[in-house]
Structures are given as C-alpha cells and as structure tokens.
Amino acid sequence: ADDLIFPLVKNCFGEYSSNNEDRQPYGPMVLPGSDRTFKYSTALDLGCRVGCSVAGWLNTYQGGGFFELLPSGRKNTTNADVVAKIHQLKGDRWMDRQTRAMFVDFTVFSLSSKLLAGVQLWYEAKASGKVQTWVQIYPMKLNHLYMSQGSIADMLS
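Residues numbered from 1 in each chain as written. Predicted model: local features only at pLDDT ≥ 70, side-chain atom pairs only at ≥ 80, totals over all residues. Heavy atoms only, no water.

(A) Representation of the state of the cysteines in the model. Scanning the model with the defined rule gives one disulfide in all. Between the sulfur atoms of Cys48 and its disulfide mate Cys52 the distance is 2.0 Å. Note on the Cys48 and Cys52 pair: the S-S dihedral is about -105°, so by sign convention the disulfide is left-handed. The exposure class of Cys48 is partly exposed, given its relative accessible area of 24%. Assessed through its relative accessible area of 17%, Cys52 is described here as buried. (Disulfide = S-S within 2.5 Å. Buried < 20%, exposed > 50% of the residue type's maximum accessible area, 1.4 Å probe, protein only.)

(B) Spotlight on the sheet that holds strand E5 (residues 101–110). The antiparallel open sheet is built from three strands, whose spatial order is E5-E6-E7. The open sheet has two free edges, formed respectively by E5 and strand E7 (131–141), since each of these has just one partner strand. Neighbour to neighbour, the strand axes of the sheet diverge by 10° on average, direction disregarded. (Pairing = 2+ DSSP bridges. Helix = DSSP H or I, 4+ residues; strand = E, 2+ residues; numbered from the N terminus. Axes fitted to C-alpha atoms, helices over the stretch in contact; angles between N-to-C directions.)

(C) Inspection of the side chain of Glu21 at higher detail. Relative to the helices and strands, Glu21 is located in the loop between helix H1 (2–5) and strand E1 (40–41). Other than its neighbours up to four places away in sequence, Glu21 contacts Tyr16, Tyr40 and Gly64. (Contact = heavy atoms within 4.5 Å.)

(D) Representation of empty space enclosed by the protein within the structure. Applying the stated criterion to the full structure yields one cavity of 30 Å³ or more. Volume-wise, the largest cavity comes out at about 40 Å³. Across the lining of the largest cavity, the residue classes break down as four nonpolar, one polar and three charged. (1 Å grid on protein atoms, 1.4 Å probe; cavity = no way out; pocket = protein on both sides within 12 Å on 5 of 7 lines; lining within 4 Å. Points joined across faces, edges and corners; volume = space filled by probe spheres on them. Nonpolar A, V, L, I, M, F, W, Y, C, P; charged D, E, K, R; others polar.)

(E) The pattern of salt bridges, seen in detail. One pass over the structure, following the stated rule, counts three salt bridges. A salt bridge links Glu21 to Arg23; its shortest N-O distance comes to 3.0 Å. Residue Arg23 is classed as partly exposed on the basis of its relative accessible area, which comes to 41%. A salt bridge links Lys85 to Glu68; the nearest nitrogen and oxygen atoms lie 3.0 Å apart. Placement of Lys85 in helix H2 (residues 78–91) and of Glu68 in the loop between strand E4 (65–66) and H2 is noted, with a sequence separation of 17 residues between them. (Salt bridge = Lys/Arg side-chain N within 4 Å of Asp/Glu carboxyl O.)

Rendered as structure tokens:
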C-alpha cells in the first residue's frame, strides 16, 4: 500500500518534537540590505529563564520559536497596522504546513471600568491535519495589581 500512496504525497512533515524542531532562518526573498528573514529565538533569547516549556493540548513546546511583534501603541492606526502586518506575514508564508503551534498573547485595558484582561489565543496542528484551537482570557481589576494602595476588601471586590 505504501508504494501506491508514496507517489501521491509530495511533501511529508512529521510530528513536532524538540529534537526535530526546525531552527533554520527562512522567509521571503528580500532586497540586499533589508532583513525580513524569520529567525529562530530560543526561550532565553525571549527572556525566559526557568519553566519555559508550554504544555498545549497536542504537545509540549520548549519555549523558543519564530517570534513576531505586532504593532501596538496609542494611535488610531494601530488596528490597521496590525491587519497590515498579519497580511504581510501571510504573504511571506510565516505559517505553513510545517507549523505545529502558534501562540498570540496580548493585553487589553478599559480605563473607564479599570479592568485589564490578558488574552491568549492558541493554535496547534498535528501532521495528520488535526487542529486544536484555544482561547483563554484572564480578567483582572486594576486594584488587584496594587495591593499596597488598597485593603483586602478592595482586592476582593
């Protein structure tokens, strides 16, 4: 049966493990002097010293990877800038069939309600095509972060 299927499969990518993780730079062809190549960063490069692995639904990841910052700031063009960056990443094939996991982390803040929320969006894929997505939202009141300025009653409110 393998002899019948093998000619039909052009590219075959295995399951993720820290042993077969691709760390080679890749990316679009760019003009000399410009650098849009995607480069691998270790967990240490990203500022993690201890407990850097991440346990997902389908695998455990070692904390390193190909890291991209999305634009942020207090300006009216931020949303358009983020959308443009995502389109650029898509056009540059930042994610492809070899991608096994992607994690997006961001924080939102509402000044009027003094609420803060940490948001995590996770995407995982197995070589077989199984996909698992996950959304986690961590809401917090601003006064929870500043215990020295309030009482226990304020923190629990």
